[in-house]
Amino acid sequence: MSSPVLLSRTAFAKRGAHPIAQGPARREVLALDDLHAWYGESHILHGIRLSLAEGEVVSLLGRNGGGRTTTLRAIMGLVDRRTGSVRVSGIETVQMPPHRIARLGVGYCPEERGIFASLTCEENLRLPPSQAGGGMSVEEIYALLPNLAERRKTQGTRLSGGEQQMLAIARVLRTGSRLLLLDEISEGLAPVIVDRLLDLILRLKALSYTILLVEQNTHFVEGLADRHFVVERGQVVLHVTADELAASAELLERYIGL
Ligand SMILES: Nc1ncnc2c1ncn2[C@@H]1O[C@H](COP(=O)(O)OP(=O)(O)O)[C@@H](O)[C@H]1O
Ligand SMILES: [Mg+2]
């Protein structure tokens, strides 16, 4: 594997021997190719290209406003317009509405978490429909996240930030989705809670979930993600593997401003 080099955005897009172009050896779960997205007249994504193999954990890093959340929303079909290709397990979804994409087993955990504040923890867990089939039972969730079992009767608003985040991820696991799109799950949480989230992601990885993690926190994703993409102004400007991460610290700093 060649060491990462800093390329202009155009050179990066044109570079033929790009590691992504070589393709993963395992089954491809998600592949974005020349993905463009708009909110109204605003053209936000400018040709995102990346792919995830089954069981891979991949991070999307970048400065605020770079287009990471929009990438997740564009995968779900939650933007005003998108063009290019979004293949989920080989199925082209770019013309599909969000509910059909979800049914293919794509679970989205938005930054705002989307739990029901007025319902208890357990009610939140019992509510999501089994979209992809084969989702975790409430008992399986409690076995994975004993904290939530202790808090089963607690109202959503009275859960701590960390518990709310665990619950939000748990709700996605209830749907049976095997591809998880997680937006800034470590944001604003105490280090001890971030460690628990790290442990959760590692356990999900061991269960062969495929996970796309949007993060600001490089420390959270090092040692967790197999590969890292940096998104800036709606484009992928850097791709590094886990092995290359330490050697790329300077580059990352230039892009993310650590
Ligand atoms: N609903 C929206 N309408 C118009 N512009 C938006 C909307 N949401 C985000 N944007 C713009 O899209 C760009 C990318 O934002 P976003 O994907 O949220 O970045 P990130 O998640 O990397 O911080 C920003 O310039 C932001 O202002
Ligand atoms: Mg965001």
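Residues numbered from 1 in each chain as written. Chains lettered and ligands numbered in written order. Predicted model: local features only at pLDDT ≥ 70, side-chain atom pairs only at ≥ 80, totals over all residues.

1. As for the overall build of the protein chain
- Looking only at helices and strands, the protein chain features eleven helices and ten strands.
- Taking all 258 residues of the protein chain together, the buried fraction comes to 39%.
- Contacts in the protein chain between residues at least 24 apart in sequence constitute 70% of all its contacts with a sequence separation of at least 6. (Helix = DSSP H or I, 4+ residues; strand = E, 2+ residues; numbered from the N terminus. Buried ≥ 20, exposed ≤ 12 C-beta atoms within 10 Å, placed from the backbone. Contact = placed C-beta atoms within 7 Å.)

2. Topic: the pairing of strand 10 (residues 235-241)
- Pairing of strand 9 (residues 227-232) with strand 10, which is carried by six bridges, proceeds in the antiparallel orientation. Bridge assignment links F229 to a residue of strand 10, and that residue is H239. (Pairing = 2+ DSSP bridges.)

3. Quick notes on unusual backbone geometry
- Unusually for a residue other than glycine, S89 sits at a positive phi of about 45°.
- Along the chain, S89 turns up in the loop between strand 4 (81-88) and strand 5 (91-92).
- Of the residues examined, S89 has 17 C-beta atoms within 10 Å and is grouped as partly exposed.
- Residues other than glycine seldom take positive phi values, yet S208 does so here, at roughly 70°.
- Relative to the helices and strands, S208 is located in the loop between helix 9 (191-206) and strand 8 (210-214).

4. Things to note about helix 8 (residues 161-174)
- The first and last C-alpha atoms of helix 8 sit 20 Å apart over 14 residues, in line with the 20 Å expected at 1.5 Å per residue.
- Summarising burial for helix 8: twelve of the 14 residues are buried, a large majority.
- All of the buried residues in helix 8 are E163, Q164, Q165, M166, L167, A168, I169, A170, R171, V172, L173 and R174.
- Of the surrounding secondary structure, the elements contacted by the buried residues of helix 8 are strand 6 (106-109), helix 5 (121-126), helix 6 (138-144), helix 7 (146-150), strand 7 (179-183) and helix 9.
- One or two residues past the end of helix 8 sits G176, with phi positive at roughly 85°. (Expected span 1.5 Å × (residues − 1).)

5. A few points about the nonpolar core
- Counting 62 residues, the largest nonpolar core has C109, I169, A170, L181, L182, I211 and L213 as its most contacted members.
- If you tally residues by element for this core, the top one is helix 8, at seven residues.
- Each of domain 1 (9-105 + 178-256) and domain 2 (113-176) accounts for three or more of the residues forming this core.
- Not counting residues up to four positions away in its chain, the partners in contact with I169 are C109, L182, I185 and L200. (Core = buried A, V, L, I, M, F, W, Y, C linked by C-beta atoms within 7 Å. Domains from an automatic or database assignment.)

6. Points about the site of ligand 1
- Within the structure, ligand 1 sits among Y39, S42, I44, G62, N64, G65, G66, G67, R68, T69 and T70.
- Counting residues per element, the ones that place at least two in the shell around ligand 1 are strand 2 (42-53) and helix 3 (68-76).
- The biggest single contributor to the shell around ligand 1 is helix 3, with three residues.
- Among the residues making up the shell around ligand 1, the classes are represented as two nonpolar, eight polar and one charged. (Near = placed C-beta within 6 Å. Nonpolar A, V, L, I, M, F, W, Y, C, P; charged D, E, K, R; others polar.)

7. Thoughts on the environment of L197
- Within the secondary structure, L197 sits in helix 9.
- Classification of L197 as partly exposed rests on a count of 19 C-beta atoms within 10 Å.
- Separated by 32 residues in the primary sequence, L197 and Q165 have C-alpha atoms spaced 8.7 Å apart.
- Leave out the neighbours within four places in its chain, and L197 touches Q165, I185 and S186.

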